[in-house]
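# A closer look at the structure
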Amino acid sequence: MPFRSKQTLEAWVEEFRTTREGGALITVLVQDGVDGADTGLVTVPLRDDGTEIYMQPVAVGDPAWSITIGMRNAETTLSAAQMHGLAAELLLAASLCQFLQEKSAGHLEEPEDDSPH
């Protein structure tokens, strides 16, 4: 069954970092997938907002990705400079999501079988 492992996603995020400015705060978290498979959840924290953006594949084997913007605790007031910073972070997240979709197209990976034989 094709999927994207945490290890694969970490390699893709590292490749993304080397080809674009920013992205130092992007992380790949452990996310339990089908049958306990080690899949990853990609997160991009928003520095001035305290919110995170989460990215994950829409479905196993589907190259499409979805972006979720985490809940905010309160209303946010920003200066023009802070708004530019937020816009840059959102653009980075959108670029990363597109990059992950492009890497996912045609990618086949079998989950590692960690069960004892």
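Residues numbered from 1 in each chain as written. Predicted model: local features only at pLDDT ≥ 70, side-chain atom pairs only at ≥ 80, totals over all residues. Heavy atoms only, no water.

### Looking at the pattern of salt bridges
What the rule picks out here adds up to 3 salt bridges. Salt-bridge contacts for Glu10 lead to Lys6; the nearest nitrogen and oxygen are separated by 2.4 Å. Of the two residues, Glu10 and Lys6 are both situated in helix α1 (residues 6-19); the distance of 4 residues between them amounts to about one turn of the helix. By relative accessible area, which is 36% here, Glu10 ends up partly exposed. Of the charged contacts in the structure, one is a salt bridge between Glu15 and Lys103, with a shortest N-O distance of 2.9 Å. Placement of the pair is Glu15 in helix α1 and Lys103 in helix α2 (residues 80-104), with a sequence separation of 88 residues. (Salt bridge = Lys/Arg side-chain N within 4 Å of Asp/Glu carboxyl O. Helix = DSSP H or I, 4+ residues; strand = E, 2+ residues; numbered from the N terminus. Buried < 20%, exposed > 50% of the residue type's maximum accessible area, 1.4 Å probe, protein only.)

### Some thoughts on the nonpolar core
Counting 19 residues, the largest nonpolar core has Leu9, Ile26, Val42, Met55, Trp65, Leu96 and Leu100 as its most contacted members. Contributing elements (two or more residues each) for this core: α1, β2 (38-46), β3 (51-57) and α2. The element contributing the most residues to this core is α2, with 7 residues. (Core = buried A, V, L, I, M, F, W, Y, C linked by side-chain atoms within 4.5 Å.)

### Observations concerning α2
Between its first and last C-alpha atoms α2 spans 36 Å; for 25 residues at 1.5 Å apiece the expected length is 36 Å, and the two agree. Buried residues of α2: Leu86, Glu89, Leu92, Ala93, Leu96, Cys97, Phe99, Leu100 and Ser104, and no others. Looking one or two residues beyond α2, the residue adopting positive phi is Gly106, at roughly 80°. (Expected span 1.5 Å × (residues − 1).)

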